[in-house]
Amino acid sequence: MFQFIQQQNEFENVLTLMTQCSTYGLDTEFIKVDTLWPKLGIFQININGKVFLLDGTTLDLTRFWQLLFNAKQNIFHACGEDLDLIYHYAHQQNLNNVFDTQVALSFLGHGLQVSYQNALKLMLNIDIDKDQTRSDWLARPLTPKQLEYAANDVLYIMQLADTIKSQLQAKHLLAYVEEDCQHLAHEIGKETPIELLYQDVGNYRHSRRQLMQLQQLAIWRDQIAKTLNLPRSFILKNATMIDLVEKNPKNNFQLASIKQIRPNIIRDYGKIILALLRALPEQEQWPFRIPRPIRHSSLEVMNNVELVIQSVVDETAIPREVLLRKKWLNSLYKHVVFKADEQDLPSYLLGWRYEVLTKPLIRALYEDQDYLSQQMKETD
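Model, not experiment: these values are computed from the prediction. (Residues numbered from 1 in each chain as written. Predicted model: local features only at pLDDT ≥ 70, side-chain atom pairs only at ≥ 80, totals over all residues. Heavy atoms only, no water.)

Asker: I keep staring at the side chain of threonine 101 and nothing clicks. Help me out?
Answerer: Its place among the elements puts threonine 101 in helix 4 (residues 101-107). In terms of polar contacts, threonine 101 uses its side chain to reach the side chain of histidine 77, at 2.7 Å. Residues within four places of threonine 101 in sequence aside, it is in contact with Ile75, Phe76, His77, Leu160, Ala161 and Ile164. (Helix = DSSP H or I, 4+ residues; strand = E, 2+ residues; numbered from the N terminus. Polar contact = N/O pair within 3.5 Å; in protein donor to acceptor, adjacent residues only side chain to side chain. Contact = heavy atoms within 4.5 Å.)

Now the structure itself:
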C-alpha cells in the first residue's frame, strides 16, 4: 500500500520515478508548536498510484524540491501550510503548478473549507480515519497507525482530483480553478514588506505616533522571531503591541501591566521595548493614518453592485463567496476613492474575473464616487 523511505539510497529510486511522471499527489505532516518555521516529519507523495512516505528527519530533499517546482501539476487538498513548508525548505517562493482540491470543491458549491475526509466521502464515498491529526510526527519510530494515516492522505487524492476536474470541465470552470490556485500559491509565498507589518496590527483609531511605534515594534518582533525561530506571538501578541502603544509605559513596572506580556520578555527585552516606544524618528517619517473601512455606497449604487455580482453568479454558476470576497470588494472601493492603479488590485480581480466582474463593478462604483469620497472625508 505504501513505502516508508528513510534511507537516501531508497530515496534515489523515488526520485527516478518522479522523473518519469509529471503529476504528483502531495501532503505533509509537520510540527509547528513552538517555532516560527515548521519542522518536517513526513512528506507524502503519490506517484502514478504508488504512495511513498518520505522521512523529513533523515533524507536530503534538495532534488525533490526541484522536481516539485518543475512538475506539470502538484495536487494538494488545502495547500496553505504545505506550501508554506515547501517554500521554507526549498528557499523558493512560488509554485506555479498547484491544483488544490479544496479550492476546486468551492467552485462546485461545497463551501470554502471542506475537509479532506469530507471531500472523499462526498465525491468518492470513501471513509478514512483522522484520529492521528495531533500526532508527534518527529518521533521515531512512527507507529503503524501514524504511517497508515499519513498514507491515506495521498492514497486517494489523484482519484479525487480526477473526479472533481471532470465535474469542473462539464461546467467550463476548470481553467478558472487552476488560475485561482496559482493566485493562492503566489499569495502564500508573498511576504509583507517589513515596513508595512504594522498594518496587520494597527487600525484607523491609532494616531500617526502610535502607528510609528507599532511599525518599530513590528519590525523588531519579526527580526527576533526569525533569529530565534519562535512564533511572533511568543515575543509579543498583536493585542500586547496595541496595549503598549495605547498605554505607552515608561518603565518595567508599567510594562508588567501590559496585556499578555510574558515576564521573560520584560526581563530580556524590556529596555529595548521601552526604547522603541520612546525613540521615534522625525514626524514627517511617521506612517499616515489608516483609513476607516469605507461605508457602503448609497442605496441605489449598492443595489447596482449586487445586480452585477448576481448576474455573474447566474451566468457562471460560481458561488458568490468564491466569486468575490469582502476584502476584494473593499479594495475596489478604495481603488475608486483614491483613483489608484488597477495593478494594485488583488491579483484575483485581474485574471478571469476582470472582464466579467471587476470592470462592471468599477463602473458601478464610479457612479457613486462623490458619495464614497465624502464618506472618506468624514472618517479622517
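Asker: Sorry if this is basic, but what is going on with the pairing of strand 2 (residues 23-31) here?
Answerer: Every regular strand shows the same layout, with side chains that alternate between the two sheet faces. Among the 9 residues that make up strand 2, 9 are buried, leaving the element largely enclosed by the rest of the structure. Burial along strand 2 is two-sided: Thr23, Gly25, Asp27, Glu29 and Ile31 facing one way and Tyr24, Leu26, Thr28 and Phe30 facing the other are all buried. Of the strand pairs in this sheet, strand 2 and strand 5 (residues 73-76) are connected by 3 bridges, and their pairing is parallel. Looking at strand 5, one finds that threonine 23 is bridged to glutamine 73. Bridge count for strand 2 against strand 3 (residues 39-47) is 8 bridges, and the pairing is antiparallel. (Buried < 20%, exposed > 50% of the residue type's maximum accessible area, 1.4 Å probe, protein only. Pairing = 2+ DSSP bridges.)

Asker: What's the story with the packing of aromatic side chains in this structure? I'm lost.
Answerer: Centre-to-centre distance and the angle between the planes together describe a pair of aromatic rings. On inspection of all chains with the given rule, the structure shows 10 aromatic pairs. Between phenylalanine 43 and tryptophan 65 the ring centres are 5.7 Å apart and the planes differ by 65°, which places this aromatic pair in the edge-to-face class. Remark: tryptophan 65 occurs in helix 2 (residues 62-70) and phenylalanine 43 occurs in strand 3; sequence separation between them is 22 residues. The two residues phenylalanine 43 and tryptophan 65 agree in class, both being buried. A cation sits over an aromatic face here: lysine 165 above phenylalanine 99, 4.9 Å from the ring centre. The ring of phenylalanine 234 is capped by arginine 262, whose NZ or CZ atom sits 4.5 Å from the centre of that ring. (Phe/Tyr/Trp six-rings, centres within 6.5 Å; stacked < 30°, edge-to-face > 60°. Lys NZ or Arg CZ within 6 Å of the ring centre and 35° of its normal.)

Asker: Help me out: how do you make sense of the nonpolar core in this one?
Answerer: Generally speaking, a soluble globular protein has its nonpolar side chains buried in company with each other. In terms of nonpolar packing, the biggest core is built from 96 residues, with Met18, Phe43, Leu54, Phe64, Trp65, Ile86 and Leu168 touching the most fellow members. If near-sequence neighbours (up to four positions away) are discounted, phenylalanine 64 is found in contact with Phe11, Leu15, Met18, Phe43, Ile45 and Leu54. Counting 26 residues, the second-largest nonpolar core is a separate cluster that includes Val201, Leu236, Leu255 and Ile265. (Core = buried A, V, L, I, M, F, W, Y, C linked by side-chain atoms within 4.5 Å.)

Asker: Can you walk me through helix 5 (residues 116-124) in this structure?
Answerer: Owing to its 3.6 residues per turn, the α-helix aligns residues three or four sequence positions apart on the same side. Tyr116, Ala119, Leu120, Met123 and Leu124 are the residues of helix 5 that are buried. Within helix 5, the buried residues cover an arc of 100° as seen down the axis, which keeps them to one side. In the core, the buried residues of helix 5 are packed alongside helix 4, helix 6 (144-155) and helix 7 (157-170). Following helix 5 by one or two positions, asparagine 125 has its phi on the positive side, about 55°. (Arc of directions from axis to C-beta.)

Asker: What is the right way to look at the pattern of salt bridges in this model?
Answerer: Pairs may arise between side chains of opposite charge once their charged atoms sit close together. Using the criterion set out here, one finds 12 salt bridges in the structure. In this structure, glutamate 191 and lysine 226 form a salt bridge, with 3.2 Å as the shortest nitrogen-oxygen distance. Taken as a pair, glutamate 191 in the loop between helix 8 (174-189) and helix 9 (208-228) and lysine 226 in helix 9 lie far apart in primary sequence, 35 residues in all. According to the relative accessible area criterion, lysine 226 is partly exposed, its value standing at 30%. Taking the shortest distance from any N to any O, the salt bridge between aspartate 268 and arginine 267 comes out at 3.2 Å. Each of Glu191, Asp222, Lys226 and Arg232 takes part in one network of salt bridges that share partners. (Salt bridge = Lys/Arg side-chain N within 4 Å of Asp/Glu carboxyl O.)

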